[in-house]
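Observations on chain architecture
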Amino acid sequence: MNVWIAIGVTVLGCYAVKLAGLLVPAGALERPAVRRLSALLPVALLAALTAQQTFSTGSALVLDARAAGLAAAGVALLLRAPFLVVVAAAVVVTAGVRALGG
C-alpha cells in the first residue's frame, strides 16, 4: 500500500507543478533574467547529473573507467564528431579501460 501512496503523492506533485507553471503570468516569463535562466538551467542540471553519475558510487567519490569514457566523449565532441560516434567512443573507451582492469 505504501507504494501506491508514493505514486499518488508523486502524481499530485507533478500536477501541482504543471498547474503552477500554467498560472504564471506571461509578462513574468518575458523578462530577460527569466529567459537567460530558462536557457541555462537545463544545461547546468544535465552537467550536474553527468558529473554525479560519472564520479560517484553511492556516497563515495571515485575515479574509474567512466571518467575515461567521459573524457573520450569530450574529445570526440571537440573534434565535432556526430552524436553516435561520440557515444561509441565513450562506450569503447570505458569498456577498454574496464577490460584492462582500470
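This structure is a prediction, so every number in the text was calculated from the model and none was measured.

Here the focus is the overall build of the chain. Within the chain, the secondary structure is distributed over five helices and two strands. Over its C-alpha trace the chain gives a radius of gyration of 20 Å, far above what one expects of a compact globule, namely 13 Å for 102 residues. Oriented by its inertia axes, the alpha-carbon framework of the chain measures out at about 55 × 45 × 25 Å. Relative to all contacts within the chain whose residues are 6 or more apart in sequence, the contacts with residues 24 or more apart total 26%. Summing over all exposed atoms, the chain offers an accessible surface of approximately 8200 Å²; the carbon and sulfur share of this is 76%.

The subject of this paragraph is unusual backbone geometry. The phi torsion at R80 lies on the positive side, around 60°, for a residue other than glycine. Within the secondary structure, R80 sits in the loop between α4 (65-78) and α5 (83-99). Accessibility expressed as a relative area gives 77% for R80, which makes it exposed.

With that settled, the discussion passes to α4. Compared with an ideal rise of 1.5 Å per residue, which puts 14 residues at 20 Å, α4 spans 20 Å between its outermost C-alpha atoms and is within 8% of the ideal. For α4, the complete set of buried residues consists of A65, A67, G69, A72, A73 and A76. On the buried face of α4, the contacting elements are α3 (32-55) and α5. Immediately downstream of α4, the backbone of R80 shows phi near 60°, a positive value.

So, on to the pattern of salt bridges. Tallying each qualifying case throughout the model produces two salt bridges. Among the salt bridges present, the one from R35 reaches E30, with a minimum N-O distance of 2.5 Å. Note on R35: relative accessible area 48%, which makes it partly exposed. Salt-bridge contacts for D64 lead to R66; the nearest nitrogen and oxygen are separated by 3.3 Å. A residue is classified by how much of its surface remains accessible, and R66, at 23% relative accessible area, is partly exposed.

Following the UniProt record, one finds the feature "transmembrane region" (unreviewed entry) at residues 6-25, 37-55 and 67-97. Its end C-alpha atoms 31 Å apart, residues 6-25 is made of 90% helix and 0% strand.

Turning our eyes to something else, we now look at the side chain of T94. Take T94: it is sitting in helix α5. Setting aside anything within four residues of it in sequence, one finds T94 in contact with A65, R66 and G69.

Once that is clear, we can look at a nonpolar patch on the surface. Among the surface-exposed residues, V3, W4, I7 and V11 lie close enough to one another that they form a single nonpolar patch of about 440 Å² accessible area. For V3, the position within the fold is in helix α1 (residues 2-23).

What follows is about the environment of L77. Summarising the element assignment, L77 is placed in helix α4. You can call L77 exposed: its relative accessible area is 54%. Considered as a pair, L77 and V87 are 10 residues apart in the sequence and their alpha carbons are 9.9 Å apart.

Analysis parameters
- Residues numbered from 1 in each chain as written.
- Predicted model: local features only at pLDDT ≥ 70, side-chain atom pairs only at ≥ 80, totals over all residues.
- Heavy atoms only, no water.
- Helix = DSSP H or I, 4+ residues; strand = E, 2+ residues; numbered from the N terminus.
- Rg over C-alpha atoms; globule rule 2.2 N^0.38 Å.
- Contact = heavy atoms within 4.5 Å.
- Areas by Shrake-Rupley, 256 points an atom, 1.4 Å probe, with all protein chains shown as cover.
- Buried < 20%, exposed > 50% of the residue type's maximum accessible area, 1.4 Å probe, protein only.
- Expected span 1.5 Å × (residues − 1).
- Salt bridge = Lys/Arg side-chain N within 4 Å of Asp/Glu carboxyl O.
- UniProt positions renumbered as here; feature names shortened; annotations may be inferred.
- Patch = residues over 30% accessible without salt bridge, like charges linked within 9 Å, V, L, I, M, F, W, Y side chains within 5 Å.

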